[in-house]
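# Fold and contact review
Residues per chain, in single letters:
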Amino acid sequence: MSSKQSIQNDAESVRPPRWAQRLMERITAPHLREELQGDLDELFHKRAQQYGYAKARRLYVWDLVRLMHPRLWRREPAPAYKPKPRYSPFNDDSDLSIFHPNMLRNYLTLAFRNLARYKGYSAINIAGLAVGMAVAMLIGIWIQDEVSANKHHKNYETLYEVKLNQTFDGKRGTQSALPFPTGDELRSKFPDFKAVATYQRSDGSRSLMVGDQKFIKNGIFIGEDAIDMFALDILNGDKNPFKEPYSIVLTDETAQAIFGNQDPIGKIVRLDDKADLKVTAVVAKQPKNATLQFEYLLPWHLMESMYDWVKNAKTDWRNNDFGLFVQLKDGIDPAQTNAKIKDVVLGHQANDANIRNLVKPELFLHPMSKWRLFSEFTEGQNSGGFIKYVRLFGIFGLFILVIACINFMNLSTARSEKRAKEVGVRKVVGSGREQLIGQFLSESTLIAGISLILALIIVLISLPYFNRLTEKEMAIEFGNPIYWVVTLLFTVFTGLLAGSYPALYLSSFNPIKILKGGIHVGQRASLPRKILVVVQFTFSVALMIGTIIIYQQIQHGKNRPLGFTKQGLISVNSSKDLKDHYEALRAELLATGVVVSVCKTNAPPTQWWSSNSGWKWRGASPEEESVIFTTIATGYDYTKTMGIKMKEGRDFSKDFTTDHTGVLLNEAAVKRMGLKHPVGEILRWANRDWTVVGVIHDIVIEWSAYRDVAPMTILFDENWVNLINVRINPAVSPSVAIEKMAPIFTKYNPTYPFDYKFADTEYAKKFYYEELIGNLSAVVCLLAIFISCLGLFGLASFLAEQRIKEIGVRKVLGASVASVWGLLSIDFVQLVIIACLIASPIAWYGMNKWLDTYTYKIRIGVGVFLVVILIALIITLLTVSYQAIKAALVNPVKSLRSE
């Protein structure tokens, strides 16, 4: 360091902080500044000698804080010989910045006066901004709930789910189902992992019994590492609850449902009438936005001891039926771990040429941060997921806010002629443009602040309904300081956004022209105002088109031919007792007269739970062994119970003893195999020959009702079943049928409650996300139209008032009410038509991109756009007509006399 710099630094250290000195000069009145500065400097040097310069500088800042009092800000009264300008609110404008407290106080005073003076326009502005802000806040709360999913987990950053990419029939697919030994392999051979937990969901089919009480609950068999991995909040019981072999962990909600207010720890719960389990812990229920949802947890070693098929899978690298959660050690790069583990499954199947060359299985880690919003994969690569809807509604929220701000801009610029003289006078007496901008921005910010209060009231009232609509448990975090900071910033941003254009526009007026009456600001504002109306209605019309297309797509899926009859069809979870007494159960159900058919399957009527490759048929190439076929296992009367029509051949029948090796194909399977005469063909699978006895029409049981139907094989296998499907007599009401069936199921299945599901209800669940998006879009669309119409109403009111003399002259000359109505309406109609013409291609492009994500989809027709244009015109005319007709009915003598 040079000597000159050293001397400069020493000088800085022996003087008060320069920033503090400058701040003092800004906040103190000129006639007090020199005296106060001298006193503070003198006191600083005394303290420096007594305490040292560091402490003296701190005390100088503290003294400065104590000086921040309004009496020290007041300017010295003007001399008697200098007259104070009549219209100036200050004695010395040149010395005041736009952020000075006196200026801010003046801005707020003027703002309140203008709000009180123009009550109608103020009410429209406040209502429009309040609704816009309320919608934006609700959408913001919803988005926050979505993006914060799973963040309550302590190890959020290091938790992953292991997934598997495989190629079947030339398509790369991604799944969570893995071979059982994968967990042990990762745990023992890869030091990157801190914890590994294998899991399998129980699909709600397990019975929990306590005394005479029976419950069906959704639980998970999971490895003991999961408790610490997910940092589950143990409210009561053992911190290591799975150390006992026969144990169960309940959520607090489940414990309350089963045991009431009793302490559940140590109590015995019987599982599936097979094992008595001791409650070892109670954990807090997971938040509703968490991916990992359960009502109870069971230790993994319990599953191994209870089920022989699980024991047999311990060394089977071909059975993909298990999930796997892992936690990486701190500092481990997941990309490097992916490279290490990707060939784990392939290494144990490398002897199979098809697996090695065609299927090419690869493991990879899917981080918890992407579980909820980035769950979709295309050709083995993450392609997004629900995040597309989160982004979409983020844009919707911004649109709504912009529409509300456009209302404010339009009405403010429309009233510019009313305030032109005010601007002119203020400029003549010395107000600078920055002061005028500050005044108008303070008005808009004040309106935004008032709107915020009203918006919060709207949000509080509507949040319970919004929660029911979205099936969430969202709340406003009033106790969170970050929430208030964001809310205040949001309010200021809204106020500045809404007031920016009016402030810049009004402050630009030439005072001389204004006071001479040579400027017509209303005409100057006409073009920008029209542009804003077009922009506003473009957003609203685009939302309307999108909402209608979403509704049409949902109905298209709901009305899709399913290939089976879902009405009057129920499924019941089976059990060992029901399997053992199936024939007796079936006979008694049919004897009641309320049931016409019964069958057993390995999946419910609207889903498939198993798929397999390795099928061989005549003419099949070795590569085609990788084709995946959906697999349904069933017994007799499957097509009768499901209401499926045979295309060729027959269903399984007791008249044919060879049907135990029979198979049914759907049309998609026949097409994929290239079979011209499928009935009687011999297929090879699982080291057995299977004879095709029939072909059914394609049935829609995919996880999405908008996907193509996959090739399907229906096997006769009465051992591989876990559900009973019942077809109710169409002449009997479902409630009567359920009432008569219940005691029969209870008789043969005493350890389970009679838990049944209607196929039509389960099929409707396939449309959950589409209906959620459709409902949210409809709400946003209606509110956007409401806000737009609110602004249009205010604008029409102002223009009618502005043209009142012209209307009076026209009426004196014989103009009818209809002609006056047309005169005031035609401009708005033209603007809305322009908005529709702009919005239509934008909406068409956006909705086509959305529909491209579906295989089974509608075609967007011209009719949608024509209907929306017609609706928009009707809404516009209804909104404008009130003000137009009101103006047309005014007595022309009265309107002309007012001149």
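What you see is a predicted model, and the numbers here were worked out from it, not measured in a lab.

Turning to the overall build of the protein, a few remarks are in order. Scanning the protein from terminus to terminus reveals 32 helices and 27 strands. In the protein, which comprises 899 residues, the proportion classed as buried is 49%. A fraction of 78% describes how many contacts in the protein between residues 6 or more apart in sequence connect residues 24 or more apart. When the accessible area of the protein is evaluated, it comes to approximately 43400 Å², of which 57% is carbon and sulfur surface.

Let us look at helix α7 (residues 182-189). Every buried residue belonging to α7 is among T182, G183, E185 and L186, and all of these are buried. Buried residues of α7, viewed axially, fall in a sector of 165 degrees; they line one side.

Once that is clear, we can look at the pairing of strand β6 (residues 213-217). Direction of pairing for strand β5 (residues 206-210) relative to β6: antiparallel, over a ladder of 5 bridges. Bridging across to β6, L208 finds its partner in F215.

What follows deals with the environment of V679. Among the structural elements, V679 can be located in the loop between α25 (667-673) and β23 (682-685). Put simply, V679 and L665 are 14 residues apart on the chain and 9.2 Å apart in space, counted from C-alpha to C-alpha.

Right, let's talk about the packing of aromatic side chains for a bit. Taken as a whole and assessed by the stated rule, the structure comprises 33 aromatic pairs. Arranged with centres 5.2 Å apart and planes meeting at 85 degrees, the rings of F230 and F325 form a pair that is edge-to-face. Of this pair, F230 sits in the loop between α8 (226-229) and β8 (234-237) while F325 sits in strand β13 (residues 320-328), placing them 95 residues apart in sequence. Given the relative accessible area of 3%, F325 is considered buried. Here a set of aromatic residues connected by ring pairs shows up, and it is made of W142, F386, Y389, F393, F396, Y768 and Y769.

Moving on to the pattern of salt bridges. Taken as a whole and assessed by the stated rule, the structure comprises 31 salt bridges. D580 is the partner of K576 in a salt bridge, and the nearest nitrogen-oxygen pair spans 2.9 Å. Placement of both K576 and D580 in helix α22 (residues 576-580) is noted, with a separation of 4 residues, approximately one turn of the helix. Judged by relative accessible area, which is 55%, K576 ranks as exposed. Shared partners join several salt bridges into a network, and the residues in it are D145, E146, R372 and K472.

Here we take up the packing of helix α23 (residues 582-591) against helix α26 (residues 734-748). It is at 10 Å that the axes of α23 and α26 come closest, and there the two elements cross at 165 degrees. By the angle class used here, α23 and α26 are roughly antiparallel. The way α23 lies across α26 gives a crossing that is right-handed. Along the contact surface, α23 presents A584, L585, E588 and L589, while α26 presents M741, I744, F745, K747 and Y748. Class assignment for the residues of the contact of α23 with α26 results in 7 nonpolar, no polar and 2 charged.

Looking now at the packing of helix α29 (residues 804-812) against helix α30 (residues 817-851). As a packed pair, α29 and α30 sit with axes 10 Å apart at the nearest point and diverge in direction by 150 degrees. Here α30 runs roughly antiparallel to α29, going by the angle between their axes. Handedness of the α29/α30 crossing: right-handed. Facing E806, I807, R810 and K811 of α29, the residues of α30 in contact are V820, L823 and L824. A per-class count over the contact of α29 with α30 returns 4 nonpolar, no polar and 3 charged.

Quick look at the confidence of the model for the protein now. Confidence in the prediction for the protein averages 83 pLDDT; 84% of positions are at 70 or higher. Counting contacts from residues 1-11, a segment whose pLDDT is below 50, to residues more than four positions away or on other chains yields 2 contacts.

You can see S733 is positioned in the loop between β26 (723-728) and α26. Taking C-alpha positions, S733 is 8.9 Å from G568, a pair spaced 165 residues apart along the chain.

The rules behind these values
- Residues numbered from 1 in each chain as written.
- Predicted model: local features only at pLDDT ≥ 70, side-chain atom pairs only at ≥ 80, totals over all residues.
- Heavy atoms only, no water.
- Helix = DSSP H or I, 4+ residues; strand = E, 2+ residues; numbered from the N terminus.
- Buried < 20%, exposed > 50% of the residue type's maximum accessible area, 1.4 Å probe, protein only.
- Contact = heavy atoms within 4.5 Å.
- Areas by Shrake-Rupley, 256 points an atom, 1.4 Å probe, with all protein chains shown as cover.
- Arc of directions from axis to C-beta.
- Pairing = 2+ DSSP bridges.
- Phe/Tyr/Trp six-rings, centres within 6.5 Å; stacked < 30°, edge-to-face > 60°.
- Salt bridge = Lys/Arg side-chain N within 4 Å of Asp/Glu carboxyl O.
- Axes fitted to C-alpha atoms, helices over the stretch in contact; angles between N-to-C directions.
- Parallel < 35°, antiparallel > 145°, perpendicular 65-115°, else oblique.
- Left-handed = near helix turned anticlockwise from the far one by under 90°.
- Nonpolar A, V, L, I, M, F, W, Y, C, P; charged D, E, K, R; others polar.
- pLDDT = per-residue confidence, 0-100.

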